[in-house]
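# Descriptive structure summary
Each chain, written out:
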Amino acid sequence: VQEPLYQTVNKKRDIIIGINSTFSSETICTSEPIMKSNKKPRKRMSRSTNDTTELTRFDSSDSGGVSIGDPTAGSSDSLRLMKREHSSEYQLRHDYAVVMKTSQSTASVGTPSKEIEMSLENDIDNYAPSCSSEYYITRKDFGKPEPQLANVLKEFYWKEVVYSKDMRLLNESFFYKIKEHVAECRFLKELFGSLKELPPIHQPFVDALKESMNEPDDSKASMVAPVLLATVHNLTPLYQSFVQNFPIYISALDQLYRSKIAFRTIMSKFESSKECYTQVNWLLLKILNRLINWQPVLARVIEIQLSECGNDTETTAFGVAMDKIIEFAKKTKATRQSLEEYIHVLQVERDTGLVGILTHPNRKILRVGFVLRSARRAPCCRIMVLCSDRILFGHRGPNLDGNFFTVHAEFKLKGMMIDEGDTYKVMDGEKDVITLHNADISIVFAAPDRASWIEDITEAIKNAARAKIDLPSLVMEKKEENDIDMTKVLLPEESPVSKMSPLQICWYRKCSFGRKDVNKMITNTMCGYLKRKLRNSSGWQDLWVVMCCHTLYFYRNHNEREPLAHLSLMDYGVGLPTVADNIDNHENCFKLFYGSHTYFFRTDSYYFFERWVDSIFQAAISRDSLDVVTALALRI
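An unreviewed UniProt entry lists the protein under the name PH domain-containing protein, with Caenorhabditis latens as the source organism.

So this is what it looks like as structure tokens:
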């Protein structure tokens, strides 16, 4: 009977790569049995079966790596010293090798040959005696802590709690206020009918996640996996139908908002209430992307199952559920992105008073934000809306329609040229200046995030030059720059209202909001308990925090319906506390800062510290990147 040989050593954990480390790969090496080869063995690799010279484990002095080798490869002095130290063990090891050779399962290390058989004997100090065909070389991992299944499932449960509250907010509170109008509109009936079908199917999975919180770690996956697979299987067709009909539902809501004053009043009052933490359109879009937001959490669950060699049945269930969600995401990606941009356009229309004008099939909003535009007297604060075919400028001031901004100028992009810098020296030494040249006029303005504006404007000018259709004008009645009564114009430093749209936040924070940032408003979410500490306060305060639409909402606990406060993250910086901050308990602590405002937060574990900082960094859209220390802590 031919006995299998094993070429490689199977290692249980990754070896840290160093200069002198024998192993130069981080991949898991699995030994595969091969039959003895009939080829003539190389002399330099030949080794007699009677040779009792041991294969010794070496530690690299430079990197801490582990090596397996023959001590005879060294000097004769080191060989004599090694033989003197281990002479009492040679015979014992030789006898053990003979016993192992007679068994059917032989643990061998070496190269295939006719007459050789190399056995890796078990070192009493480092290797446990075993008749298994696999040996493990372990090394302490000094990298960042690996995520635990308990933390990932806790995050999963907390997000489901928030989604359940959102469903109740729409199906109960909002529906109760507009039920008279729903009875008159067939599409709204279908919308709330679809919404009420989802909670009963979601609830078993939410209950399974809640019960798994109290179970031991080895039984958490077995409790969640089958329920998750059944839930995804039942929900996928419902969400596919919901995505297909969602444009009709949003259009019906928008038509009612425009045409009926009573409906507009009810909806405005509901959105301004404390219970409704964000606008109804974004809440509906958040529900639509519920399965999509399962992807990153479920990916971490599968990663842990594979790394810990979890049960194959559970891992397969997680994998099948993940495949179904990925397939659903691919099919609906274009529709979902179009809906996100459409809802953003509707919000900009309400802010600027251009209701029903911006929503054109061939027109997209690429970037909105604050700029400082040149004028005869002095540079003036303006909002700028970059569309795919033209640029709009507006000012903040009183408006009879109740709009936050009034658009007073527009310029076509076709035939326009862009120049980086103040070509005409009219901005009084302002930095980040951009000059746009057209056949009739030149536009000079300064933008704090000039690089983003230049990138989007350049791309828009190229696309406008290739366009074959000229879209209609947006502003019917224009006012020249000098006709605006500056005594009625509000400046960005004035106090903002309690709830603001992205364009309004850009006005006060002097930043901009791009098309890519719109796509992250719903997909980048996070929730959980955080400890908050202000700079001059004593102690830490436990708060339930929900991050959605680039904003943090603070609650006393997860059962509260109304938030205590909220904090928009746009243009905020995120980093680690410094020595000057005087934070005693700084473990898993991070800070948010904007100007003179600084907030400190702390999590219970490194996993949630990493998740919160990464999510906030994406939502902040800050011009200031992470500092070096924070980037190293997050392995960015």
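This part is about the overall build of the protein. If you tally the helices and strands in the protein, you get 13 helices and 19 strands. Going through the 636 residues of the protein one by one, you find that 47% of them count as buried. Pairs at least 24 residues apart make up 62% of the contacts formed inside the protein by residues separated by at least 6 positions. Working note: accessible area of the protein is about 32,700 Å², and carbon and sulfur atoms make up 51% of it.

The next subject is the side chain of Arg-367. One can find Arg-367 in strand S5 (residues 365-373). We classify Arg-367 as buried; its relative accessible area is 10%. Within the structure, the side chain of Arg-367 is placed 2.5 Å from the side chain of Asp-456, a separation counted as a polar contact.

Attention now goes to the environment of Ile-418. As for its placement among the helices and strands, Ile-418 is situated in strand S9 (residues 417-420). Counting along the chain gives 17 residues from Ile-418 to Thr-435, while the straight-line C-alpha distance between them is 5.9 Å. The contacts of Ile-418, once residues within four sequence positions are left out, are Ile-434, Thr-435, Leu-436, Ile-454, Ile-457, Thr-458 and Ile-461.

We now examine the packing of aromatic side chains. Tallied over the entire structure, the rule returns 27 aromatic pairs. Summarising the aromatic geometry, the rings of Tyr-277 and Tyr-553 are spaced 4.9 Å apart at their centres and angled 65° between planes, so their arrangement reads as edge-to-face. With Tyr-277 in the loop between helix H5 (261-272) and helix H6 (280-288) and Tyr-553 in strand S15 (residues 551-555), the pair connects residues that are 276 residues apart, well separated along the chain. Note on accessibility: Tyr-277 and Tyr-553 belong to one class, buried. Aromatic pair Phe-393 and Phe-411: ring centres 6.0 Å apart, planes at 75°, arrangement edge-to-face. Taken as a pair, Phe-393 in strand S7 (residues 390-396) and Phe-411 in strand S8 (residues 405-412) lie far apart in primary sequence, 18 residues in all. Each member of the pair, Phe-393 as well as Phe-411, carries the same accessibility label: buried. Grouping aromatic residues by their ring pairs yields a cluster made of Trp-158, Tyr-529, Trp-544, Tyr-607 and Phe-608. Lying over the aromatic face of Tyr-594, Arg-509 brings its terminal NZ or CZ to 5.1 Å of the ring centre.

Before going further, it helps to examine the pattern of salt bridges. What the rule picks out here adds up to 18 salt bridges. Where Lys-364 meets Glu-341, a salt bridge forms, and the shortest distance between an N and an O atom there is 3.7 Å. Within this pair, whereas Lys-364 is found in the loop between helix H8 (312-352) and S5, its partner Glu-341 is found in helix H8, the two being separated by 23 residues in sequence. Residue Glu-341 is classed as buried on the basis of its relative accessible area of 14%. Close ionic contact of Lys-591 with Asp-581 constitutes a salt bridge, the shortest N to O distance being 3.1 Å. In this pair, Lys-591 sits in strand S18 (residues 589-594) while Asp-581 sits in the loop between strand S17 (573-575) and S18, placing the two residues ten residues apart along the sequence. For the pair Lys-591 and Asp-581, a shared accessibility class is recorded, and that class is buried.

So, about the side chain of Asp-389. Considering the arrangement of structural elements, one finds Asp-389 in the loop between strand S6 (380-387) and S7. Polar contacts involving the side chain of Asp-389 include one to the side chain of Arg-390, which spans 2.8 Å. Once you skip the residues sitting within four places of it in the chain, Asp-389 turns out to touch Arg-363, Lys-412, Leu-413 and Leu-471.

Our next topic: the confidence of the model for the protein. Here the protein averages 76 in pLDDT, and 69% of its residues register 70 or above. Below a pLDDT of 50 lies the segment residues 477-498, which in the model reaches 34 contacts outside its immediate sequence neighbourhood of four places, other chains included.

Along the chain, Lys-189 falls in helix H3 (residues 186-212). With ten residues separating them in the primary sequence, Lys-189 and Lys-179 have C-alpha atoms 9.2 Å apart.

Taking burial as the measure, the eight residues of helix H10 (residues 502-509) include eight buried ones, the bulk of the element. Those residues of H10 not exposed but buried are Pro-502, Leu-503, Gln-504, Ile-505, Cys-506, Trp-507, Tyr-508 and Arg-509. Lys-510 occupies a position one or two residues after H10 and carries a positive phi of about 55°.

We now examine unusual backbone geometry. Positive phi, normally seen in glycine, also occurs at Cys-549, with a value near 55°. When you line up the elements, Cys-549 lands in the loop between strand S14 (541-548) and S15. What makes Cys-549 buried here is its relative accessible area of 9%.

A word on the packing of helix H2 (residues 149-184) against helix H4 (residues 217-259). Helix-helix packing is described using two parameters, namely the angle between the two axes and the distance between the axes. Interhelical geometry of H2 versus H4 gives an angle of 40° and a closest axis separation of 10 Å. Here H2 lies oblique to H4, going by the angle between them. The chirality of how H2 crosses H4 is left-handed. Note on element contacts: H4 touches H2 through Asp-217, Lys-220, Ala-221 and Val-224, opposite Leu-149, Ala-150 and Leu-153. Of the residues in the contact of H2 with H4, the class split is five nonpolar, no polar and two charged.

Rules of the game
Residues numbered from 1 in each chain as written. Predicted model: local features only at pLDDT ≥ 70, side-chain atom pairs only at ≥ 80, totals over all residues. Heavy atoms only, no water. Helix = DSSP H or I, 4+ residues; strand = E, 2+ residues; numbered from the N terminus. Buried < 20%, exposed > 50% of the residue type's maximum accessible area, 1.4 Å probe, protein only. Contact = heavy atoms within 4.5 Å. Areas by Shrake-Rupley, 256 points an atom, 1.4 Å probe, with all protein chains shown as cover. Polar contact = N/O pair within 3.5 Å; in protein donor to acceptor, adjacent residues only side chain to side chain. Phe/Tyr/Trp six-rings, centres within 6.5 Å; stacked < 30°, edge-to-face > 60°. Lys NZ or Arg CZ within 6 Å of the ring centre and 35° of its normal. Salt bridge = Lys/Arg side-chain N within 4 Å of Asp/Glu carboxyl O. pLDDT = per-residue confidence, 0-100. Axes fitted to C-alpha atoms, helices over the stretch in contact; angles between N-to-C directions. Parallel < 35°, antiparallel > 145°, perpendicular 65-115°, else oblique. Left-handed = near helix turned anticlockwise from the far one by under 90°. Nonpolar A, V, L, I, M, F, W, Y, C, P; charged D, E, K, R; others polar.

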